[in-house]
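# Analysis of the macromolecular model
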Amino acid sequence: MQTDNEKYNETVQPNTAFLNELKDKLPEFFTNNGSFDLNKFMSQLKDKNINELSEGYQLDFIGKDYARRQAGEMPTTVIVPDEKQNKGEGKDSNNLFFTGDNLEVLRHLQNNYQNKIDVIYIDPPYNTGSDGFVYPDSFEYSDEKLKDMFGLDDDQVERLKSIQGKSNHSAWLTFIYPRLILAKKILSDSGVIFVSIDDNEVSNLKDTMDEIYGESSYLSTLIWDRNHSAQAGIFKVYHEYILAYAKKSNLITTPKSANHERFEAGALKKVDDRHPLNEFTFPKGTRFDAPDGTELTGSWGGAEQVKIVSGRLISDHGRLKDDVTLAAGFTQIKQMHDYFDGKDVVDTRGQKVVEFYLNSTGKVRVIKERSVETPATVQKFGTQGAASEALAHLFKSSVPYFSSPKPVKMLETIVNWFSKPTSTILDFFAGSSTTADAIMQLNAKDGGHRKFIMVQKPEKTYVVDKETGEAKLDKSGNRIPTKGGKAAYEAGYMTIDPISRERIRRAAKKIRKDNELT
């Protein structure tokens with residue numbers, strides 16, 4: 001017996017997901033029976049003097065219509081809770097960990113998490129030819145059904161089916177395309193998605209993200225300077241990319257600073273129209289960095305002249321002995337008033353005023369703390385080797401169970417940039433759960449209550465025959481570990497997902513111990 005979702009999926013077309021989103025945004029262009037009124041839409045374009053026939057280009061690949069259709073389908077699986085975990089150490093947790101196909105999980109998340117995820121980070125297969133990626137999603141429809149759904153002929157059906165089990169660009173795009181569409185729907189309006197990638201697919205990923213999220217939603221391409229090892233080839237490749245896109249770029253603000261760096265600057269300028277002469281009284285006890293007993297009189301400072309109006313400027317153990325009123329071209333007179341009135345002061349750039357003081361020559365200085373920053377596109381989050389060593393150390397293993405885990409610092413930094421203390425963060429290629437580790441560490445540092453959702457497919461750590469689905473055996477009748485999966489297999493992990501969950505447990509325990517948390 002068919003479920004309602006299975007019946008619905010039979011009616012899904014390649015543009016169903018797009019039309020549903022369009023109907024949500026532009027309901028006035030849909031008729032009572034749910035059809036899109038193209039004539040009305042084109043009339044509006046004409047009225048607004050928009051040339052809908054202007055030149056352009058689009059991304060095309062074998063399997064695109066199929067990928068679009070996948071994005072519009074409903075889930076056909078059910079979520080089965082892990083009762084042992086939920087009644088045990090996870091009973092008080094607000095975090096989620098899904099074991100399964102991330103495409104199905106993303107479909108499930110549409111119901112309860114639409115527009116609710118603030119940050120998404122994913123590290124999908126890079127399609128390097130050696131990372132084991134092949135197109136994994138099965139074509140569950142007959143050839144005749146594929147012809148009917150997409151208007152294909154026999155040759156086109158064969159071309160579509162040719163990507164299954166392959167690792168070419170079309171296969172990779174067909175795999176990633178529906179996942180990125182569904183990810184956009186659960187991203188909040190002020191949300192940001194980060195996608196790690198390398199040179200093999202970065203251009204295709206950029207075109208795909210531009211198409212799904214919009215060129216105007218592109219924020220930047222970060223370059224992770226990750227490794228300086230010896231390499232053969234014409235160039236040494238030391239980097240990977242992280243593409244950053246917003247749901248709505250007009251709602252994105254300058255990222256928060258991770259280190260609250262302090263800096264110092266002058267608070268005086270030459271008197272002019274922009275910086276008129278003002279008087280200000282510095283109270284007794286204000287810091288004055290001059291030897292004990294030093295007194296300044298009259299005026300000083302050259303072009304940035306400072307003049308005593310009343311009182312005496314005398315150092316008493318590094319502080320003003322008495323109140324003194326000075327006249328100068330103060331650049332931050334309002335902030336000075338607020339600071340000395342005991343208020344918390346934040347300037348127009350989001351920088352917190354820590355102190356106004358007088359240096360040894362009687363110049364007014366200000367110390368501020370950056371609460372926001374404009375990050376550089378080239379980032380040194382730490383090396384790939386250091387991240388692998390840290391993971392091995394956490395598991396008390398001599399070798400890491402993952403060959404290329406991301407540094408915790410990377411995830412901690414980008415999550416901090418665009419999250420709030422109560423944000424929900426999603427990683428649907430969880431891998432070793434670096435994202436979860438980073439979120440827990442960030443919460444411990446700033447007292448936040450961020451939640452995470454991790455999704456990891458139960459990928460085998462041993463080689464499986466593509467035809468039979470059974471484990472391949474060596475001459476001795478033993479399973480053959482996958483490339484990069486030998487250490488995990490020998491440690492007793494038959495699939496990747498339990499490693500991900502164990503990483504979370506171990507990281508949480510370490511964080512509690514390091515921060516003396518109960």
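Further up the page is the structure itself.
Structural notes, computed from the coordinates.

### A closer look at the packing of helix 9 (residues 169–186) against helix 10 (residues 202–213)
Helix packing for two helices is described by the angle between their axes and how far apart those axes are. At a minimum axis distance of 10 Å, the contact between helix 9 and helix 10 shows a crossing angle of 35°. Considering the relative orientation of helix 9 and helix 10, their crossing is right-handed. Side by side, helix 9 and helix 10 meet where His169, Trp172, Leu173, Tyr177, Leu180, Ile181, Ala183 and Lys184 of the first sit next to Asn204, Leu205, Thr208, Met209, Glu211, Ile212 and Tyr213 of the second. A class-by-class count of the residues in the contact of helix 9 with helix 10 yields ten nonpolar, three polar and two charged.

### Description of the packing of aromatic side chains
According to the stated counting rule, one finds 16 aromatic pairs in the structure shown. Relative to tyrosine 245, the ring of tyrosine 213 has its centre 6.1 Å away and its plane inclined at 45°; by these criteria the two rings are tilted. Here the residue tyrosine 213 occupies a position in helix 10, and tyrosine 245 occupies one in strand 5 (residues 239–246), the gap between them amounting to 32 residues. The burial state of tyrosine 213 is the same as that of tyrosine 245; both residues are buried. Cluster of aromatic residues (ring-pair linked, three or more members): Phe280, Phe282, Phe330, Tyr339, Phe340 and Phe356. The residue whose ring lies beneath arginine 479 is tyrosine 462, and the NZ or CZ to ring-centre distance is 4.3 Å.

### Describing the packing of helix 14 (residues 434–446) against helix 16 (residues 497–514)
Axis separation between helix 14 and helix 16 bottoms out at 9 Å; the angle between their running directions is 20°. As the angle between them shows, helix 14 and helix 16 are arranged roughly parallel. Crossing geometry of helix 14 relative to helix 16 is assigned as right-handed. From helix 14, Thr434, Ala436, Asp437, Met440, Gln441 and Ala444 reach across to helix 16, where they touch Arg503, Ile504, Ala507, Ala508 and Ile511. When its residues are assigned to classes, the contact of helix 14 with helix 16 shows seven nonpolar, two polar and two charged.

### Let's talk about the sheet that holds strand 6 (residues 262–266)
Pairing in this open sheet of three strands is antiparallel, and the strands run 6-15-14 from one edge to the other. This sheet does not close on itself; its edge strands, each paired only once, are strand 6 and strand 14 (351–358). Averaged over all pairs of adjacent strands, the angle between strand axes in this sheet comes to 25°, irrespective of strand direction. Packing against the sheet, helix 11 (residues 333–340) makes contact with strand 14 and strand 15 (364–370), and its axis sits at approximately 85° to strand 14.

### Section: helix 6 (residues 102–113)
Most of helix 6 is tucked away, with nine of its twelve residues classed as buried. All of the buried residues along helix 6 are Asn102, Leu103, Glu104, Val105, Leu106, Arg107, His108, Leu109 and Gln110. Elements in contact with the buried residues of helix 6: helix 4 (64–72), strand 1 (96–99), helix 9, strand 17 (424–427) and strand 18 (451–456). Once helix 6 finishes, asparagine 115 follows within two positions and takes phi at roughly 65°, a positive value.

### Quick word on the pattern of salt bridges
Evaluation of the coordinates by the stated rule reveals 28 salt bridges. With a shortest N-O distance of 3.4 Å, glutamate 73 and arginine 107 are connected by a salt bridge. Pair noted here: glutamate 73 is in the loop between helix 4 and helix 5 (83–87) and arginine 107 is in helix 6, with a separation of 34 residues, a long-range link. Per residue, the accessibility class of glutamate 73 equals that of arginine 107, and both read buried. In this structure, lysine 343 engages aspartate 338 in a salt bridge whose closest nitrogen and oxygen atoms are separated by 3.7 Å. Owing to a relative accessible area of 48%, lysine 343 belongs among the partly exposed residues under this scheme.

### Things to note about helix 12 (residues 384–394)
Within helix 12, the full set of buried residues consists of Gln384, Ala387, Ser388, Leu391, Ala392 and Leu394. End-on, the buried residues of helix 12 take up no more than an arc of 160°, which puts them together on one face. Along helix 12, exposed side chains directed more than 90 degrees from the buried face belong to Glu389 and His393. Looking at the buried residues of helix 12, the elements they touch are strand 4 (218–225), strand 5, helix 14 and helix 16. Two residues or fewer after helix 12 comes lysine 396, characterised by a positive phi angle close to 55°.

Basis of the calculations
- Residues numbered from 1 in each chain as written.
- Predicted model: local features only at pLDDT ≥ 70, side-chain atom pairs only at ≥ 80, totals over all residues.
- Heavy atoms only, no water.
- Axes fitted to C-alpha atoms, helices over the stretch in contact; angles between N-to-C directions.
- Helix = DSSP H or I, 4+ residues; strand = E, 2+ residues; numbered from the N terminus.
- Left-handed = near helix turned anticlockwise from the far one by under 90°.
- Contact = heavy atoms within 4.5 Å.
- Nonpolar A, V, L, I, M, F, W, Y, C, P; charged D, E, K, R; others polar.
- Phe/Tyr/Trp six-rings, centres within 6.5 Å; stacked < 30°, edge-to-face > 60°.
- Buried < 20%, exposed > 50% of the residue type's maximum accessible area, 1.4 Å probe, protein only.
- Lys NZ or Arg CZ within 6 Å of the ring centre and 35° of its normal.
- Parallel < 35°, antiparallel > 145°, perpendicular 65-115°, else oblique.
- Pairing = 2+ DSSP bridges.
- Salt bridge = Lys/Arg side-chain N within 4 Å of Asp/Glu carboxyl O.
- Arc of directions from axis to C-beta.

All quantities given are derived from atomic positions and should not be read as evidence of function.
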